[in-house]
Amino acid sequence: MSFHMVEAVGVEKQIGHQMILKGIDFTVDRGEVVSLIGPSGSGKSTFLRCINHLTKITGGYLAVDGEPVGYRRSDNKLYELSDAEVALTRAEIGMVFQRFNLFGHKTAIENVIEGPVQVKRQPVERARARAAALLERVGLSSKADAYPSQLSGGQQQRVAIARALAMDPKLMLFDEPTSALDPELVGEVLAVMKDLAADGMTMVVVTHEMAFAREVCDRVAFMDDGRVVECGPPNEVFNNPTSERARSFFARVL
Amino acid sequence: MVTHETSQDINDPPRHEHMEVVPRRSVLRFVPPLIVVFVGLALLQSVVLNPNFEWPLVGSYLFSTAILEGLATTLGLTAMCMLTGAVLGIIIAVMHRSEHWLVVGFAKVYIWFFRGTPILVQLIFWYNLAALFPNLSIGVPFGPSLFTVNTNTLITPFMAAFLGLSLNEGAYMAEIVRAGIGSVDTGQEEAARAIGMTRLRAMRRIVLPQAMPFIIPPTGNETIGMLKMTSLVSVISLSDLLYSAQTIYSRNFEVIPLLLVCCCWYLLLTSVLTVIQGRIERHYARGRHSATPQPGERT
């Protein structure tokens, strides 16, 4: 069975009377790195949060690895999952936030082992060994016992990536991972993400880093006003945008 | 002359350390301390030296068995009610954040009711519960009952006091816990759920520990308040500190000395609690200071 890693068909999200997502059609294949770009307010982050059910969709169909997100399909009906069941599916999807959201009362290594120990019930020793290796991979072995408040933004974000990787996710979601960083700290986070992409991780990245999108991503999806307007290889989308909205957006940011 | 002076000032500017500094002295500055000394002396004369206060009698009752037993009841009741109130408060605060409107509604009505009625009325109400329900039973509503007990045997004065004070405290603690939870960034819960935690586990492992610095200091205030509030249970004839004193002065009519005995104990206990409270507050203030700055983060 080969499913798309992410499959969205006509995904809608309505909050109050406002339609945030107006029918998103979008797929991500296994091992693909896709970035979502577009003006702020276009629904990029909302859509990303729908993929791991932090936000509930109000219409359409959204599946990860063939399983509808937040629901169980049986007899052509969708049964809503319990909080605990949704939590289990989220455990397989890593997420990195704009504002890092490291647990402030825990050290770097405690942040990384929290998921494996609490959710996957791994023995602490094994989780610690794995966490140490992950911190080394993101270049922060020396900061294992530092609290988030003692780390720079770039370091915090790299710990956050290690925390997500510790759950052995099959898919990683990045929600503007470098937007809250000082310019000189952006590079270290992007380097970790590049390394991850080269390793074959499936990634969906909401970003304003056009250079990163062009260099690392297999495809780029341009979103505007709750829809995916263009989607394709970066060079195609950046160099020959077919829609007027994409053209005027790229004229401003490139 | 005038021009000569100014030019000298410019060439040789005055230096603060070379000149004598004359502080501003007002004749009125002696007034507030004088008032304090005057009022102090007046109080000393009218309270300490006034024989009607019967200080020797106060001394003799301070450590009497009845008073010490009352003191123990007061302390025990305070501890039990604060503990139960805190647990109830956390439960109600978490219910307040539920996704189900009925659960949220229950939490709101609970807080509304117990904060909206006087604690004295609540205490008398619990004490008279038997008038409302002569028997209490556990079972299915409108169905068979599994277990029945006579209300008067269950609701002793201590039980009524415990129920009244804890349920009331639960409402106030719920508001404190709610404010504490609200002060933790929502990103913390989101990050916890993103690594596969359920809402409850995220609350217990991630949100509540970080809300504690905001919850514990006001809880200290509540404890001090609770210590004094327990004196209300004297109206339902529970032998706390105040009621024990009242029992004694209803026999010997030494009302003021026995109330002074109570005041001495209450003051001593609240002073001890205030010192502990201050330490706890300083401890958490330190933690918060080091945790707030986010280096490298763009603001």
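All values reported here derive from a predicted model rather than from experimental measurement.

## Some points on the overall build of chain B
Moving on, step 1. On a plain count of helices and strands, chain B comes out with 13 helices and two strands.
Moving on, step 2. Across its three principal directions, the C-alpha atoms of chain B cover 110 × 70 × 30 Å.
Moving on, step 3. Here chain B holds 299 residues, and 33% of them are scored as buried.
Moving on, step 4. Carbon and sulfur atoms make up 68% of the accessible area of chain B, which amounts to about 18,400 Å² in all.

## With respect to the interface of chain A and chain B
Moving on, step 1. In this assembly, 37 residues from chain A lie in contact with 26 residues from chain B.
Moving on, step 2. For the pair chain A and chain B, the summed buried area comes to about 2,600 Å², and 48% of that belongs to carbon and sulfur atoms.
Moving on, step 3. Among the residues of chain A in contact with chain B, Phe103(A), His105(A) and Ser149(A) are the three that bury the most area, contributing 19% of the side total.
Moving on, step 4. In this structure, Arg205(B) engages Glu114(A) in a salt bridge whose closest nitrogen and oxygen atoms are separated by 2.8 Å.
Moving on, step 5. Summed over the shared surface of chain A and chain B, the result is nine residue pairs in polar contact (both at pLDDT 80 or more).
Moving on, step 6. Looking at the side of chain A that touches chain B, the element that brings in the most residues is helix H2 (residues 83-90) of chain A, giving four residues.
Moving on, step 7. Each residue belonging to the side of chain A that touches chain B can be placed in one class, and the counts come to 17 nonpolar, 11 polar and nine charged.

## Digging into the confidence of the model for chain B
Residues and elements named next belong to chain B.
Moving on, step 1. Taken residue by residue, chain B gives an average pLDDT of 86. The fraction at 70 or more is 90%.
Moving on, step 2. Under a pLDDT of 50 for its full length, residues 287-299 has, in the predicted model, 24 contacts with residues more than four places off or in other chains.
Moving on, step 3. The ipTM assigned to the predicted complex is 0.92, against a pTM of 0.79.

## Structural notes on the UniProt feature "domain: ABC transporter" (unreviewed entry) in chain A
Moving on, step 1. The feature "domain: ABC transporter" (unreviewed entry), as given by UniProt, occupies residues 6-250 of chain A in the numbering adopted here.
Moving on, step 2. Annotation note: span residues 6-250 of chain A, helix share 37%, strand share 27%, distance between end C-alpha atoms 26 Å.

## Observations regarding the packing of aromatic side chains
How two aromatic rings sit relative to each other is given by the distance of their centres and the angle of their planes.
Moving on, step 1. All chains considered together, the criterion is met by 11 aromatic pairs over all chains.
Moving on, step 2. Ring plane angle 55° and centroid distance 5.7 Å describe the contact between Phe222(A) and Phe250(A), whose orientation is recorded as tilted. With Phe222(A) in strand E11 (residues 219-224) and Phe250(A) in helix H9 (residues 244-253), this pair connects stretches of sequence that are 28 residues apart.
Moving on, step 3. By relative accessible area, Phe222(A) is classed as buried at 1%.
Moving on, step 4. Plain terms: the ring middles of Phe53(B) and Trp55(B) are 6.0 Å apart, the flat faces sit at 15° to each other, and that makes the pair stacked.

## Examining the sheet that holds strand E2 (residues 18-28) of chain A
All names here are of chain A.
Moving on, step 1. One open sheet holds the four strands; their spatial order is E2-E1-E4-E5, and the pairing between them is antiparallel. Only two strands of the sheet have a single neighbouring strand rather than two, namely E2 and strand E5 (67-68).
Moving on, step 2. Bridge analysis of strand E1 (residues 6-15) against E2 gives eight bridges, and the strand direction is antiparallel. The residue of E2 that forms the bridge with Gln14 is Met19.
Moving on, step 3. Relative to the sheet, helix H1 (residues 44-51) contacts E1, E2 and strand E4 (59-64), its axis offset from that of E2 by approximately 60°.

## Some points on the UniProt feature "domain: ABC transmembrane type-1" (unreviewed entry) in chain B
Moving on, step 1. In the UniProt entry, the feature "domain: ABC transmembrane type-1" (unreviewed entry) is given for residues 71-277 of chain B.
Moving on, step 2. In the segment residues 71-277 of chain B, helix accounts for 77% and strand for 5%; the C-alpha atoms at its two ends are 21 Å apart.

Conventions adopted
For every chain, the first residue of the written sequence is number 1, and numbering continues from 1 onward in sequence order. The order in which chains are written sets their letters, starting at A; the order in which ligands are written sets their numbers, starting at 1. With pLDDT at 70 or above as the cut-off, local features in this predicted model cover only qualifying residues; side-chain atom pairs require 80 or more to be listed or tallied, and sums for whole chains, interfaces and linings still use all residues. In computing side-chain properties, one takes all heavy atoms of the structure into account and sets aside hydrogens as well as water. Every helix listed is a DSSP run of H or I at least four residues long, and every strand listed is a run of E at least two residues long, numbered separately from the N terminus. Only protein chains enter the area calculation, which uses a 1.4 Å probe; residues under 20% of their type maximum are buried, those over 50% are exposed, and those in between are partly exposed. All accessible areas in this document rest on Shrake-Rupley with a 1.4 Å probe, and a residue is counted as covered only by the protein chains that are shown. In what follows, residue pairs with any heavy atoms lying within 4.5 Å of each other are defined as contacts. Throughout, buried area stands for the accessible area (probe radius 1.4 Å) lost by two parts on being put together, summed over both. Here a salt bridge means any side-chain nitrogen of Lys or Arg lying within 4 Å of a carboxyl oxygen belonging to Asp or Glu. Pairs of N or O atoms within 3.5 Å make up the polar contacts considered here, provided that, within protein, one atom can donate a hydrogen while the other can accept it, and that residues adjacent in sequence are counted only when both atoms are side-chain atoms. Polar here means any residue other than Ala, Val, Leu, Ile, Met, Phe, Trp, Tyr, Cys and Pro, which are nonpolar, and Asp, Glu, Lys and Arg, which are charged; Gly is therefore polar. The pLDDT value expresses, per residue, how confident the predictor is, ranging between 0 and 100. UniProt positions are given in the numbering used here, feature names are shortened, and annotations may be inferred rather than shown by experiment. Within 6.5 Å between ring centres, the rings of Phe, Tyr and Trp (the latter by its six-membered ring) count as paired, and their orientation is classed by plane angle as stacked under 30 degrees, edge-to-face over 60, tilted in between. Any two strands with at least two DSSP bridges between them are considered paired. Helix axes are fitted only over the stretch in contact, all axes being lines through C-alpha atoms; the angle between N-to-C directions runs from 0 to 180 degrees.

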